[in-house]
Amino acid sequence: MSPWLVGFSVFFGYPLVMSAYLSFNHYDLLSPPRWVGLANYRYLFTVDPQVWTAVKNTLWLIAVMVPLQILFAFGIAELLARARRGVGIFRTIFYLPALAPPVAATLGFVFILNPATGPVNQILAHLGIQGPLWFQDPAWSKPSLTLLGIWGIGNIMIIFLAAVLDVPRHLYESAELDGAGALQRLRWVTLPTISPVILFAVVLGVIQGLQYFTQAYVAAGVAAGQASQAADVTSVSLGYPLDSTLVYPVLLYQHGFNDFQMGYASAMAMLLLAVSFAVTLVIVVQSRRWVHHGGVTR
């Protein structure tokens, strides 16, 4: 176990301890840390005007994007499980987006959803529909990120597909003999049987939502660049437009690496760690009411 222990200590244990220590210090990456006690946490909870905006945006993504990702992944898995021909081809097609690097996928979506030259709005215009501004509109920026998230559900879709195919056939046959329809078999056979996988998907989705960074950061930067070229002005990229894509990890990055407030960024990171642990614990504890193992609810 020594290689794992060394890697864990160097790449996780040491950074975690240093982040906890720096969260009580004023540290700008250039001068030695200076102890300030709870000042960073007081500023985080009572002063910083952008924190609550970032928290609201992050919660929006968790409440909307994560359930939709799970729903679409499960729906596609159900369709593939019922398909009789071309299952391998369709499975590959739906999984391929998960292989795209997040930065490349985000750049592609920003191009496709460009309100002026993007193919989506051009197709809508031919149909007589006025397309939205997508990443240029505060009301549509988070839904645009949600579309991107739904497009890349290949990983969790494969897990759901394996779980659906693993449901014992005799359970379906027994339910049919009792007169259960398709929806009843889904409700009383499929969902209880794959409930451990649903729990895994929920926990993983919530943690990824709390750490959501790359797509929001890249989309805001590219969209701000497009707006700057169109209006011949300089736009602020982080959180563009109007802080609608300013999620918590992006704000953490801004304070730590743009403003050189590494002590304050460490305090934000420790809060994110505590919230992630608490939310995961609550989900796991509450799952005892609906997760079934071998036909028995925990």
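Since the structure is predicted, the reported quantities are computational estimates derived from the model, not experimental observations. Position labels on residues start from 1 in each chain and follow its written sequence. Reporting of local features is limited, given that this is a predicted model, to residues whose pLDDT is at least 70; pairs of side-chain atoms are given and counted only at 80 or more, and all residues count toward the totals for whole chains, interfaces and linings. Only hydrogens and water are removed before side-chain values are computed, so all heavy atoms of the structure are retained for them.

### Observations regarding unusual backbone geometry
This is how the line gets drawn: Counting from the N terminus, the helices are DSSP H or I runs at least four residues long and the strands are E runs at least two residues long. Burial status follows relative accessibility: with a 1.4 Å probe on protein chains alone, a residue under 20% of its type maximum counts as buried, one over 50% as exposed, and anything between as partly exposed.
Cis rather than trans, the peptide bond between tyrosine 240 and proline 241 has omega equal to -5°. With respect to the helices and strands, the residue proline 241 is situated in the loop between helix H12 (214-231) and helix H13 (248-258). The phi angle at tryptophan 134 is positive, at roughly 55°, despite the residue not being glycine. Inspection of the secondary structure puts tryptophan 134 in the loop between helix H6 (119-126) and helix H7 (138-151). In this structure, aspartate 243 is a non-glycine residue whose phi angle is positive, near 60°. Structurally, aspartate 243 can be placed in the loop between H12 and H13. Overall, the relative accessible area of 26% leaves aspartate 243 in the partly exposed class.

### Side note on the environment of leucine 199
One can find leucine 199 in helix H11 (residues 195-210). Sequence separation between leucine 199 and valine 222 is 23 residues, and the spatial gap between their C-alpha atoms is 35 Å.

### Section: the side chain of asparagine 25
Under the convention used in this document: Only heavy atoms enter the contact rule, under which two residues are in contact if any of them lie within 4.5 Å.
Mapping asparagine 25 onto the fold places it in strand S1 (residues 25-26). A relative accessible area of 1% means that asparagine 25 is categorised as buried. With sequence-adjacent residues up to four places away left out, asparagine 25 is seen in contact with Pro33, Arg34, Trp35, Val36, Asn40 and Gly263.

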